[in-house]
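Chain residues, written in single-letter form:
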Amino acid sequence: MREKVLGSFIVFEGLDGAGTTTQMHALSRYYEFNRRKYVITNEPTSNPIGRMVRDVLQKRIQTTPEALALLYAADRDDHLHNPSYGIIRILEEGSIVISDRYFYSSIAYQSVECDPVFINLINDFPSPEFIIYVDTPVEECLKRIEKRGGEKELFDRYDFLSEVRKNYEKAFSSLPDGVHLIRIDGSGSAEEVESEIRKSLAPYSL
Ligand code: TYD
């Protein structure tokens, strides 16, 4: 399934605190300005299965790492194929779809605690045309998470995020033809990162 590439589908990936959410919004303002049809979305979603994922992350539900991985994958399948709000349908209608996280997050995060073979198997989804990987050092991510305050989710830990970062590299080392990996240094200011992303996407017609 990964060999199938969904055109005009852009996903942001990175560690917690890397800045993917900020950058997704910044990119959407660019398409807004250019009057290009787009939809922004995120995983875990705010649909019923995604809400269950957040209940696990915020410790309102206790389960196993494998069950959590299956929930992420189920949320993703619904996110792609749901007949009313699915990404595939939106793409077919001619919009760009920009998602804050996609299956690379599962490969990177869930493989820390689960068998990577199992995680790969349950994440056999089509590939996006563009992956924007906001690569921010773990120390910087942790500083930003601390500054943001609020409830710390399950995954905000140094060793854990270092493993996640390694897993991202593995996931990106073999991508199918037609998938463009745009790697951006996320340690600069939000404006600097935003401008780098725009520059990197400029050569492609979207
Ligand atoms: P996210 O919503 O990006 O974080 P935030 O609430 O800070 O905006 O994602 C929530 C957490 O879920 C985050 O720690 C990353 C993790 N995650 C996975 O472990 N696997 C996945 O497949 C996805 C999509 C997210």
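A brief look at the structure comes next. Remember, predicted model here, so these are calculated numbers, not experimental data.

## Regarding the sheet that holds strand β4 (residues 127–135)
The 5 strands are arranged β2-β3-β1-β4-β5 in an open sheet whose pairing can be described as parallel. Only two strands of the sheet have a single neighbouring strand rather than two, namely β2 (38–42) and β5 (180–185). Going from strand to strand, the sheet's axes swing by 20° on average, the running direction of each strand aside. When strand β1 (residues 5–13) meets β4, the two strands line up parallel, connected through 6 bridges. Residue pairing across strands places I10 opposite F130, the latter belonging to β4.

## Describing the packing of helix α1 (residues 20–33) against helix α9 (residues 190–201)
One can describe the packing of α1 onto α9 by two numbers: an axis separation of 10 Å at closest approach and a directional angle of 55°. Classified by the angle their axes make, α1 and α9 are oblique. Regarding α1 and α9, the two cross each other, and that crossing is right-handed. Contacts between α1 and α9 involve T22, Q23, A26, L27, R29, Y30 and Y31 from the first element and A190, V193, E194, I197, R198 and L201 from the second. Broken down by class, the residue content of the contact of α1 with α9 amounts to 8 nonpolar, 2 polar and 3 charged.

## Brief notes about the side chain of N47
Looking at the secondary structure, you find N47 in the loop between β2 and α2 (48–57). Leaving out residues up to four positions away in the same chain, N47 has contacts with D78 and Y85.

## Describing the nonpolar core
Nonpolar side chains in soluble globular proteins tend to end up buried together. The biggest cluster of nonpolar side chains holds 49 residues, and the ones touching the most others in it are L27, Y104, I132 and Y168. Aside from chain neighbours lying at most four places away, what touches Y168 is E13, G14, L15, R101, Y104, S105, A108, Y109 and Y133. The next biggest cluster of nonpolar side chains, apart from the first, holds 6 residues, and it includes V56, L68, L71 and Y72.

## Re the pairing of strand β3 (residues 96–100)
In summary, the side chains of a regular strand alternate between the two faces of the sheet. Taken across its 5 residues, β3 has 5 buried, putting it largely inside the fold. By the bridge criterion, 4 bridges tie β1 to β3 in an arrangement that is parallel. Bridging from a neighbouring strand, V11 pairs with S99 of β3. Relative to β3, β2 is paired through 5 bridges, and the arrangement is parallel. Across the sheet, residue V39 finds its bridge partner in β3, namely V97.

## Quick notes on the site of the ligand
Near the ligand you find 15 residues, and of these D16, R76, R101, S106 and Q110 are the closest. In this structure, D16 approaches the ligand through a side-chain N or O atom, which is 2.7 Å from an oxygen atom. The separation between an oxygen atom of the ligand and a polar side-chain atom of Y72 is 2.9 Å. Here the ligand has 550 Å² of accessible area as a free molecule, and 88% of this is covered by the chains. Among the elements of the structure, α2, α3 (65–81) and α5 (103–113) are those that each provide at least two residues to the shell around the ligand. With 4 residues, the top contributor of residues to the shell around the ligand is α5. Here the residues of the shell around the ligand sort into 5 nonpolar, 3 polar and 7 charged.

## As for α9
The first and last C-alpha atoms of α9 sit 17 Å apart over 12 residues, in line with the 16 Å expected at 1.5 Å per residue. Within α9, the full set of buried residues consists of V193, E194, I197 and L201. Each buried residue of α9 lies within a common arc of 100° when the element is viewed along its axis, so the set occupies one face. Exposed side of α9, more than 90 degrees from the buried face: E191 and K199 are the residues found there. In this structure, the buried residues of α9 make contact with β1, α1, β4 and β5.

Basis of the calculations
In every chain, residue numbers begin from 1 and rise along the written sequence. With the structure being a predicted model, the display of local features is reserved for residues of pLDDT at least 70 and the display and counting of side-chain atom pairs for 80 or more, all residues being used for whole-chain, interface and lining totals. The basis for every side-chain value is the complete set of heavy atoms in the structure, and neither hydrogens nor water enter the calculation. At least two bridges found by DSSP between two strands is the condition for calling them paired. Only DSSP runs of H or I covering at least 4 residues are called helices, and only runs of E covering at least 2 are called strands; the numbering of each starts at the N terminus. Here an angle of 0 to 180 degrees is reported between the N-to-C directions of two axes, which are lines fitted to C-alpha atoms, with helices fitted over the stretch in contact. Oblique is the label for any angle not covered by the other classes, which are roughly parallel (under 35 degrees), roughly antiparallel (over 145) and roughly perpendicular (65 to 115). Crossings are sorted by hand: turned counterclockwise from the far helix by less than a right angle, the near helix makes the crossing left-handed, and turned clockwise it makes it right-handed. Between two residues, a contact is recorded if the distance between any of their heavy atoms is within 4.5 Å. Asp, Glu, Lys and Arg are counted as charged, while Ala, Val, Leu, Ile, Met, Phe, Trp, Tyr, Cys and Pro are counted as nonpolar; the rest, among them Gly, fall into the polar class. Here, the term nonpolar core denotes a set of buried Ala, Val, Leu, Ile, Met, Phe, Trp, Tyr and Cys residues that are joined through side-chain atoms within 4.5 Å. The classification of residues rests on relative accessible area computed with a 1.4 Å probe and restricted to protein chains. Under 20% of the type maximum is buried, over 50% is exposed, and intermediate values are partly exposed. The near set for a molecule or strand comprises every residue that places at least one heavy atom within 4 Å of it. N or O atoms within 3.5 Å of each other form a polar contact, as long as, within protein, one can give a hydrogen and the other can take it, and as long as residues adjacent in sequence are counted only when both atoms are side-chain atoms. Only the protein chains shown count as cover for residues, and the accessible areas themselves come from Shrake-Rupley with a 1.4 Å probe. The span one expects for a helix is its residue count, reduced by one, times 1.5 Å. As used here, the arc is the angular range of directions from the helix axis to the C-beta atoms.

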